[in-house]
Amino acid sequence: MPTRVYAYYLFILILILPKISFQQEAYPNLNSDTTLDYLNNELKKISNENEISRADILIQIGYYYAGHGDYDQSTKNLEKALEIYIKNNDTTGIATFHEIMAGLYQDSGNFKKSLTELLIAKELYIQQKDSIKLVHNNSNIAIIYSHLEKKKEALQIHHEIIKSTEDPYFLSVTYNSLGFLYSNLNKFNKNYIDSIFDNTTVNLEKGFLLDSALYYQQLALTFFKEDNALEDIGYAYLGIASIYRQQRRYKEAISSYSSAYDIALKTDLTDLLNQSSLKISESYDSINNIDSAHFWLKKYYSNTKVGVTEKTIAHLSTHHQQLLIKQNEKIIQEKERLKNKLTISLFLGTIILLLAIIIILFYRNQLKTQRDFLKGTLKGAESERKKLSMELHDDIGQRLTLIKNLIDEANIPKISKKMHEGISALRKVSRSMYPSSLSSIGFVGAIEDLIETTEKNSQIEFTYEIDENIDQLLNEDQKLNLFRIIQECINNTLKHANATAIRITTEYSSNNKLILKYFDNGVGISQKSIKNGAGIYNINERIKMMNSTWKITSPSKGVLLIFYINF
């Protein structure tokens, strides 16, 4: 990875150098062998009264030892410096100590302690209102959070940095880190990702993480280019290409890897050169461009220190063969996959077809059973009505008539009148229970009798046009059910419609259906009544029993019912 992203201690120098008393231009290279002698000499020159300057030099010595892996000596000098800073209440020095200790813990892999030290330093920078050092501190905290797999916290800190600074260096580092972070998150499962974003901060559509990773990597690349940081530019291209590969955008990945390769040639970065050439080969392999994959693999081996030997050439040839075998295997696997897919599709299609046939047959059988049951129920009810009607008419009616005649002979007018009214009511009930007129005068006559009776006992005016041939077209059950339907319609109009007129007509359709239309000019009917009305339910059941259809509409005024009767 680019040294600029992980040059942790470089910023420590930026924090400390302005504090040391000697001239910066006289300060030697910290990596030289004379550095420690120089620092010890400077320490001797500083008087005991100038404690802060002594602490600053001790920090430098501690930093030197840390750089050479002697952490015991480093810690001793750093702790001496801390005592001086605390004694003199120098918060800047104290914060610097904790920053360096965080770096030591980070180097040793103790990221929890490193985080603790950084958070202490952060509080001190907040107290000092030192925004520059706070940005750097947050940058290091974000890196530690990433090491501790605290992705959510790392994201929050990165976005906090973006909001708090316009410094190109920190923005480029932050964007670069965000790019790698989003790219890494794409490897986790959805539940883990949802827990990080809480399903509220972003729209987690498919591809969001990689799109975000690409966006931040490209932003970082822009800043690196402005700073002409070639090494960082090269690694940024490498990161962008990696995201393209995850998105399976192999041509764009190859282009970015090639840019990284060109940068590596200019800067003599062996690691970048090797990574980019190998990844170009793998990308060409992914799109089955075997020749180009072989060419770049050969470049990869030629760039290594070993060079191209007979062994590597043999390996290249083997790899070339493996690529060809792999390509053929992919073709065979694809054919097998398509064959299996077709077999599974045919099998599932057959199962679905069989299930559909079974369901249709079952449904038809259930429907037939329901219709037979309903037909039997209604037929039984009509039979009982007919029997009861005959009993009322033939037995009770005759007995009442006999009693009336005896009363008439006894010349008791009032009782005779009441008895006459009772006999009339009994006959009316008898006729309503079973329309005997259907047998005697036929369907058309029975309807006319029903209309005449309704007109006498209501204010409704009827108009009707009923074909006299209906009696020859319909069987007895159909005529009875159709009579009951018209009877139900008239009763509904009388009870609910507040109508003044009813019209009943019949006609025939081209597909041999009798069409009966019933219209009243009343107040209409609501959708709720259409769905839940008992009268509508009775009509619907009788239509089903006749294996026919019907519809009901309610225009601006009135109700229109149309029945399509099969005969």
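Residues numbered from 1 in each chain as written. Predicted model: local features only at pLDDT ≥ 70, side-chain atom pairs only at ≥ 80, totals over all residues. Heavy atoms only, no water.

A.B. asks: So what exactly am I meant to see when it comes to the overall build of the chain here?
C.D. replies: Secondary structure summary: the chain contains 24 helices and five strands in total. Scored against the burial criterion, the 567 residues of the chain give a buried share of 41%. In the chain, 60% of the contacts between residues at least 6 apart in sequence involve partners at least 24 apart. Element-wise, carbon and sulfur atoms account for 53% of the exposed surface of the chain, whose accessible area totals about 32700 Å². (Helix = DSSP H or I, 4+ residues; strand = E, 2+ residues; numbered from the N terminus. Buried < 20%, exposed > 50% of the residue type's maximum accessible area, 1.4 Å probe, protein only. Contact = heavy atoms within 4.5 Å. Areas by Shrake-Rupley, 256 points an atom, 1.4 Å probe, with all protein chains shown as cover.)

A.B. asks: Sorry if this is basic, but what is going on with the packing of aromatic side chains here?
C.D. replies: Taken as a whole and judged by the stated rule, the model has five aromatic pairs. For the pair Tyr261 and Trp296, a centre-to-centre distance of 5.0 Å together with 90° between the ring planes defines the contact as edge-to-face. Taken together, the residues Tyr261 in helix H14 (residues 250-267) and Trp296 in helix H16 (residues 290-303) connect sequence positions 35 residues apart. Given the relative accessible area of 7%, Tyr261 is considered buried. Ring centres of Trp550 and Phe563 lie 5.7 Å apart, and the angle between their planes is 5°; this geometry places the pair in the stacked category. Of this pair, Trp550 sits in strand E4 (residues 549-553) while Phe563 is found in strand E5 (residues 559-566), placing the two residues 13 residues apart along the sequence. Taken individually, Trp550 and Phe563 each receive the classification buried, so the pair is uniform in this respect. Aromatic ring contacts, followed pair by pair, group Tyr261, Phe295 and Trp296 into a single cluster. (Phe/Tyr/Trp six-rings, centres within 6.5 Å; stacked < 30°, edge-to-face > 60°.)

A.B. asks: I would appreciate a short explanation of the sheet that holds strand E3 (residues 513-520) in the present structure.
C.D. replies: Hydrogen bonds along the backbone pair up the strands of a sheet, which may run parallel or antiparallel. Pairing in this open sheet of five strands is mixed, and the strands run E1-E2-E3-E5-E4 from one edge to the other. The outermost strands of the open sheet, each flanked by one partner alone, are strand E1 (461-465) and E4. Between one strand axis and the next, the sheet turns through 10° on average, direction left out of account. Where E3 and E5 come together, eight bridges link them in antiparallel fashion. (Pairing = 2+ DSSP bridges. Axes fitted to C-alpha atoms, helices over the stretch in contact; angles between N-to-C directions.)

A.B. asks: Which parts of the structure should I look at to understand the confidence of the model for the chain?
C.D. replies: Parts of the prediction with low pLDDT should not have their coordinates interpreted in detail. Averaged over every residue, the pLDDT of the chain is 77; the share at 70 or more is 72%. In this model, residues 1-30 is a region of pLDDT below 50 whose contacts with residues beyond four sequence positions or in other chains number 74 contacts. Predicted confidence for residues 199-203 stays below pLDDT 50, and this span has five contacts to residues more than four positions away or in other chains. (pLDDT = per-residue confidence, 0-100.)

A.B. asks: Is there a simple way to explain the nonpolar core in this structure?
C.D. replies: Generally speaking, soluble globular proteins have nonpolar side chains that are buried together. Ranked by size, the top nonpolar core spans 47 residues in total, and within it Leu272 and Ile280 carry the most contacts. Every residue in contact with Ile280, bar those within four places of it in the chain, is listed here: Ile254, Tyr257, Ser258, Tyr261 and Trp296. The next biggest cluster of nonpolar side chains, apart from the first, holds 35 residues, and it includes Ile460, Leu516, Tyr518 and Ile552. (Core = buried A, V, L, I, M, F, W, Y, C linked by side-chain atoms within 4.5 Å.)

A.B. asks: Honestly, the packing of helix H5 (residues 71-87) against helix H6 (residues 91-107) in this entry has me stumped. Any pointers?
C.D. replies: Packed helix pairs are specified by the crossing angle of their axes together with the interaxial distance, meaning the distance between the axes. Between H5 and H6, whose axes approach to 9 Å, the crossing angle comes to 160°. With respect to their mutual orientation, H5 and H6 come out roughly antiparallel. Here H5 and H6 pass one another in a crossing that is left-handed. Together, Tyr71, Ser74, Thr75, Leu78, Glu79, Leu82, Tyr85 and Ile86 of H5 and Gly93, Ile94, Phe97, Ile100, Met101, Leu104 and Asp107 of H6 make up the contact between the two elements. Each residue belonging to the contact of H5 with H6 can be placed in one class, and the counts come to ten nonpolar, three polar and two charged. (Parallel < 35°, antiparallel > 145°, perpendicular 65-115°, else oblique. Left-handed = near helix turned anticlockwise from the far one by under 90°. Nonpolar A, V, L, I, M, F, W, Y, C, P; charged D, E, K, R; others polar.)

A.B. asks: Hey, could you run me through a nonpolar patch on the surface in this one?
C.D. replies: Taken together, the side chains of Ile344, Phe347, Leu348, Ile351, Ile352, Leu353, Leu354, Leu355, Ile357, Ile358, Ile359 and Leu361 define a hydrophobic patch exposed on the protein surface, amounting to about 1200 Å² of accessible area. By the element assignment, Leu354 lies in helix H17 (residues 310-409). For Leu354, a relative accessible area of 47% corresponds to the partly exposed category. (Patch = residues over 30% accessible without salt bridge, like charges linked within 9 Å, V, L, I, M, F, W, Y side chains within 5 Å. Salt bridge = Lys/Arg side-chain N within 4 Å of Asp/Glu carboxyl O.)

A.B. asks: Explain the packing of helix H15 (residues 270-286) against H16 here, please?
C.D. replies: Relative to each other, H15 and H16 sit at 160°, their axes nearing to 8 Å. Judged by the inter-axis angle, H15 sits roughly antiparallel to H16. In the packing of H15 onto H16, the handedness of the crossing is left-handed. Contacts from Leu273, Asn274, Ser277, Leu278, Ile280, Ser281, Tyr284 and Asp285 in H15 reach Ser292, Ala293, Trp296, Leu297, Tyr300 and Asn303 in H16.

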